[in-house]
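The primary structure of each chain is shown beneath.
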Amino acid sequence: MLDRITGMRVFTRAASAGSLSAAARQLGMSPAMATKHVDALEARLGVKLFHRSTRRLNLTPAGSSYLDACQRILPEIDEAEASVASQRVEATGLLRMNVPLSFGTRFIAPLMPGFSQRHPAVKVELGLTDSQVDLIDGSWDMAVRIGRLADSPLQARRLADSPMLVCASPGYLARHGTPRKVSDLATHNCLGYSLSSLHGGREWAFGAAAEIRVPIEGNLVANNGAALVAAAVGDQGLIYQPLFIVSAALGRGDLVTVALDQPPLSVGGIHVVYPPDRRPTAKVRAMIDFLVESFSGELPWDVERA
């Protein structure tokens, strides 16, 4: 006999995603098994829960009522199980954490020896990429995200602020002059970050709410901040990046900040995010607490800049 609770989980995921195959991917089972779980639920209840088509599932009235009940019941079950599991002090198992490339290489990887000493039973898989990943589809336990968080069911804890700066090398400014207004950027070679529409290759946004948009042009765009720093240090142009990306170059004097007549963009800070469980697992809680503690004092990019 198929597990009733698993069937409820398959049903709620399928109702949210609109397909049994998507629910199966999220739960790590085959589409055929997901279908069997829903069929078993319908047989047990004696009603149809979905109107099924080749393109999408639609809830029946009975399915809609059952979904409301499942959404009340499943979190209570999860909380009961997590409450018991949380009594286990030791964090164990594989922890998969996704982190932006430059930030992860410079500021997260150096922390891992300390984490491993504190939690020797946890094995960490560190995924480094500047592209945003889907935690559930990618089976990630948690991620570090920089910038404004999109609306999502993910839970988040703030690690630190992430102020933005316009920078250039002294050599570039000596040859091309120093812009004083955001409108002056039109006459400069501005190197854009291709993964952002707010400081990308076509326009840069200023102001706390990104309300000031300035068109820019440049002969380089890149999907990694460290690559843009290297180009700027080589006198290629202006860059618009978070402080943690440029702090070391500023500290060495390879780059200087450019003050303009409008405040830089507020990108929303640096957060750790994790799936919407009421109580994260012991290994996730351990990493979250460790990162919050690690970034609670003087921030490493402030030290580098100084």
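Refer to the structure printed above.
Described in the following lines is the structure provided in the data block. Position numbers for residues start from 1 in each chain and track the written sequence from start to end. Predicted model: local features are reported for residues with pLDDT of at least 70 only, side-chain atom pairs are reported and counted for 80 or more only, and whole-chain, interface and lining totals are derived from all residues. Here the side-chain values reflect all heavy atoms present in the structure, with hydrogen atoms and water set aside.

Numbering of helices and strands runs from the N terminus; a helix is a DSSP stretch of H or I covering at least four residues, while a strand is a stretch of E covering at least two. Within the protein, the secondary structure is distributed over eleven helices and 14 strands. Under the scheme applied here, a residue whose accessible area is under 20% of the maximum for its type counts as buried, over 50% as exposed, and between as partly exposed, the area being computed with a 1.4 Å probe on protein chains only. Burial statistics for the protein: of 306 residues in total, 42% are counted as buried. Taking the contacts inside the protein whose residues are at least 6 apart along the sequence as the reference set, 74% of them involve residues at least 24 apart. Accessible surface for the protein amounts to roughly 15,500 Å². Of this, 51% is attributable to carbon and sulfur atoms. We count Lys and Arg on the positive side and Asp and Glu on the negative side, and we leave His and both chain ends out. Where a charge lies is defined by one atom per residue type, namely NZ (Lys), CZ (Arg), CG (Asp) and CD (Glu). A gap of 5 Å separates the mean positions of the 31 positive and 29 negative side-chain charges of the protein. By definition in these notes, contact holds between two residues if any of their heavy atoms fall within 4.5 Å. Note on areas: Shrake-Rupley, 1.4 Å probe, and residue coverage restricted to the protein chains presented here.

Let's shift gears to the sheet that holds strand E3 (residues 93–99). Taken in spatial order, the five strands make up an open sheet running E4-E3-E5-E14-E6, and their pairing is mixed. Both edges of this open sheet fall to strand E4 (122–128) and strand E6 (155–160), since each of them pairs with a single strand only. Neighbour-to-neighbour, the strand axes of this sheet turn through a mean angle of 25°, independent of strand direction. One ladder, built from two bridges, connects E3 with strand E5 (residues 142–146); its direction is parallel. Along E5, the bridge assignment pairs Met97 with Met142. Axis geometry follows a simple rule: fit a line to the C-alpha atoms, using only the stretch in contact for helices, then measure angles between N-to-C directions, giving values from 0 to 180 degrees. Contacts from helix H10 (residues 282–294) reach E3, E4, E5, E6 and strand E14 (270–274), with the element oriented near 45° to E3. For two strands to count as paired, DSSP must find a minimum of two bridges between them.

Turning to the sheet that holds strand E12 (residues 238–242), a few remarks are in order. Spatially, the five strands line up as an open sheet ordered E11-E8-E12-E7-E13, and their pairing is mixed. Pairing within the sheet leaves two strands with one partner each, and these edge strands are strand E11 (221–222) and strand E13 (256–257). Inspection of the sheet shows strand E7 (residues 164–168) paired to E13 by two bridges, in the antiparallel sense. Bridge pairing links Ala168 to Val256 in E13. With respect to the sheet, helix H8 (residues 225–233) is in contact with strand E8 (190–193), E11 and E12, its orientation differing from that of E8 by roughly 170°. Strands E7, E12 and E13 of the sheet are contacted by helix H9 (residues 243–252), whose axis makes an angle of about 120° with E12.

This part is about the environment of Leu154. Examined against the element boundaries, Leu154 turns out to sit in the loop between E5 and E6. Since its relative accessible area comes to 23%, Leu154 is described here as partly exposed. In this structure, the C-alpha to C-alpha distance between Leu154 and Pro275, residues 121 residues apart in sequence, is 5.0 Å. Not counting chain neighbours up to four residues away, the residues in contact with Leu154 comprise Leu135, Arg145, Val273, Tyr274, Pro275 and Pro276.

Take unusual backbone geometry next. Here the phi dihedral of Ser139 falls at roughly 60°; this positive angle occurs in a residue that is not glycine. By the secondary structure assignment, Ser139 is in the loop between E4 and E5. In this structure, Asp235 is a non-glycine residue whose phi angle is positive, near 70°. Inspection of the secondary structure puts Asp235 in the loop between H8 and E12.

A word on the nonpolar core. Nonpolar cores are built from buried Ala, Val, Leu, Ile, Met, Phe, Trp, Tyr and Cys residues. Side-chain atoms within 4.5 Å join them into one set. Counting residues in each nonpolar core, the largest one holds 44 residues, and the members touching the most others are Phe103, Met142, Val246, Leu291 and Trp301. The dominant element in this core, judged by the number of residues it contributes, is H10, at seven residues. Among the nonpolar cores identified, the runner-up in size contains 21 residues, and Val166, Ala168, Leu173 and Leu198 belong to it.

As for its placement among the helices and strands, Asp3 is situated in the segment before helix H1 (4–17). Residues Asp3 and Leu41, spaced 38 residues apart in sequence, show a C-alpha to C-alpha distance of 9.6 Å. Distance and chemistry together define a polar contact, namely a pair of N or O atoms within 3.5 Å, with one atom able to donate a hydrogen and the other to accept it when in protein, and with adjacent residues in sequence counting only for side-chain atoms on both sides. At a separation of 2.5 Å, a polar atom in the side chain of Asp3 contacts the side chain of Thr6.

Before going further, it helps to spend a moment on H9. Of all ten residues that make up H9, seven are buried, and the element is covered over most of its length. Restricting attention to buried positions, one finds in H9 the residues Leu243, Phe244, Ile245, Val246, Ser247, Ala249 and Leu250. Gly253 sits one or two positions beyond H9 and adopts a positive phi of about 85°.

Positionally, Gly104 belongs in helix H5 (residues 101–108). Each C-alpha atom of the pair Gly104 and Thr129 lies 8.7 Å from the other, and the pair is 25 residues apart in sequence.

Where H8 meets H9, the closest approach of the two axes is 9 Å, and the angle between their N-to-C directions is 30°. Judged on the interaxial angle alone, H9 and H8 are roughly parallel. Our pair here, H8 against H9, has a crossing hand that is right-handed. Side by side, H8 and H9 meet where Gly225, Ala226, Val229 and Val233 of the first sit next to Ile245, Val246 and Ala249 of the second. Three classes are used, and their members are as follows: Ala, Val, Leu, Ile, Met, Phe, Trp, Tyr, Cys and Pro are nonpolar, Asp, Glu, Lys and Arg are charged, and the others, Gly among them, are polar. Counted by class, the contact of H8 with H9 contains six nonpolar, one polar and no charged residues. When describing relative orientation, an angle under 35 degrees is termed roughly parallel and one over 145 degrees roughly antiparallel, while 65 to 115 degrees is termed roughly perpendicular and anything else oblique. Note on convention: the crossing is left-handed when the near helix lies turned anticlockwise from the far helix by less than a right angle, right-handed when the turn is clockwise.

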